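Here's the letter readout for the chains.
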Amino acid sequence: MGRLIACGANPGQMFVATFTRKASQELVGRVQIKAESGGVSIGLPYAETFHSIAYKLLREFVAQIGLTKKFTILDRADEEHLMDIVLRIRKGWCQNGAPLGGRML
């Protein structure tokens, strides 16, 4: 990245994705230190983890992709709970999302 910036690439248009927050912070920190030592201040709007960038893009383009601003991203536990409800409904164990017998899941 440092070499690209030194050759005139616009850091504001770079997409730099890492797998961990720690790697992202280290990468951005090294690039900013290098840039500042050359008297340049840079911003890297898309230098984060894959998940953070995806979330940021979803928020930025929420209307264009047909979501509302109140969309929710499910984590693994949420997915498993939702699939459990779907399977129970398909098997006839539930009615309107509640188990037959009235208790909520």
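Residues numbered from 1 in each chain as written. Predicted model: local features only at pLDDT ≥ 70, side-chain atom pairs only at ≥ 80, totals over all residues. Heavy atoms only, no water.

1. What about helix H4 (residues 76-90)?
The following threshold applies: Helical segments are the DSSP runs of H or I of at least four residues, strand segments are the runs of E of at least two, and each set is numbered from the N terminus. Multiplying one less than the number of residues by 1.5 Å gives the expected span of a helix. In protein, a polar contact means a hydrogen-donor-capable atom and an acceptor-capable atom, both N or O and within 3.5 Å, with residues adjacent in sequence counting only if both atoms are side-chain atoms; elsewhere, any N or O pair within 3.5 Å suffices.
Compared with the 21 Å implied by 1.5 Å per residue over 15 residues, the 21 Å span of H4 between its first and last C-alpha is a close match. The opening residue of H4 is Asp75, an N-cap whose side-chain oxygen sits 3.2 Å from the backbone nitrogen of Ala77. Gly92 occupies a position one or two residues after H4 and carries a positive phi of about 80°.

2. Focus on the environment of Lys34
Within the element layout of this structure, Lys34 appears in helix H2 (residues 21-37). C-alpha separation for the pair Lys34 and Gly2, spaced 32 residues apart in sequence, amounts to 7.2 Å.

3. Some remarks on the packing of aromatic side chains
For the record, the criterion: Only the six-membered ring of Trp is used, alongside the rings of Phe and Tyr, when aromatic pairs are assigned; centres must lie within 6.5 Å, and planes under 30 degrees apart are stacked while those over 60 apart are edge-to-face, with the rest tilted. Exposure categories follow from relative accessible area, calculated using a 1.4 Å probe and restricted to protein chains: below 20% of the type maximum is buried, above 50% is exposed, and the middle band is partly exposed. Placement of a charge over a ring requires the Lys NZ or Arg CZ to be within 6 Å of the ring centre, with the centre-to-atom vector within 35 degrees of the ring normal.
For the coordinates displayed, the defined rule picks out two aromatic pairs. Taken together, a centroid distance of 6.1 Å and an interplanar angle of 55° make the contact between Tyr55 and Phe71 tilted. One end of the pair, Tyr55, is in helix H3 (residues 50-60); the other, Phe71, is in the loop between H3 and H4, with 16 residues separating them in the sequence. On the basis of relative accessibility, which here comes to 12%, the residue Phe71 falls in the buried class. Just above the ring of Phe71 sits the side chain of Arg59; from NZ or CZ to the centre is 4.2 Å.

4. Structural notes on the nonpolar core
Rules: We call a set of buried residues a nonpolar core when its members are Ala, Val, Leu, Ile, Met, Phe, Trp, Tyr or Cys and they connect through side-chain atoms within 4.5 Å of each other. Pairs of residues are marked as contacts when any of their non-hydrogen atoms sit within 4.5 Å.
With nine residues, the main nonpolar core is built from Ile5, Met14, Val16, Val28, Val31, Ala35, Ile42, Leu44 and Ala47. Contact partners of Val16, with chain neighbours within four places excluded, come to Met1, Leu27, Tyr46, Ala47, Glu48 and Ile53.

5. Focus on the side chain of Ser24
Along the chain, Ser24 falls in helix H2. Beyond its immediate sequence surroundings of up to four residues, Ser24 is in contact with Thr18, Ala47, Glu48 and Thr49.

6. A word on the pattern of salt bridges
Under the convention used in this document: The term salt bridge refers to a side-chain nitrogen of Lys or Arg lying within 4 Å of a carboxyl oxygen of Asp or Glu.
Under the counting rule described, the total for this entry stands at three salt bridges. Note that Lys56 and Glu48 form a salt bridge whose closest N and O atoms lie 2.6 Å from each other. Given the relative accessible area of 31%, Lys56 is considered partly exposed. The class for Glu48 is partly exposed, based on a relative accessible area of 22%. Put simply, Arg76 and Glu80 hold a salt bridge, and the shortest N to O gap is 3.4 Å. Separated by four residues within a single helix, Arg76 and Glu80 lie in helix H4, roughly one turn from each other. Accessibility expressed as a relative area gives 49% for Glu80, which makes it partly exposed.

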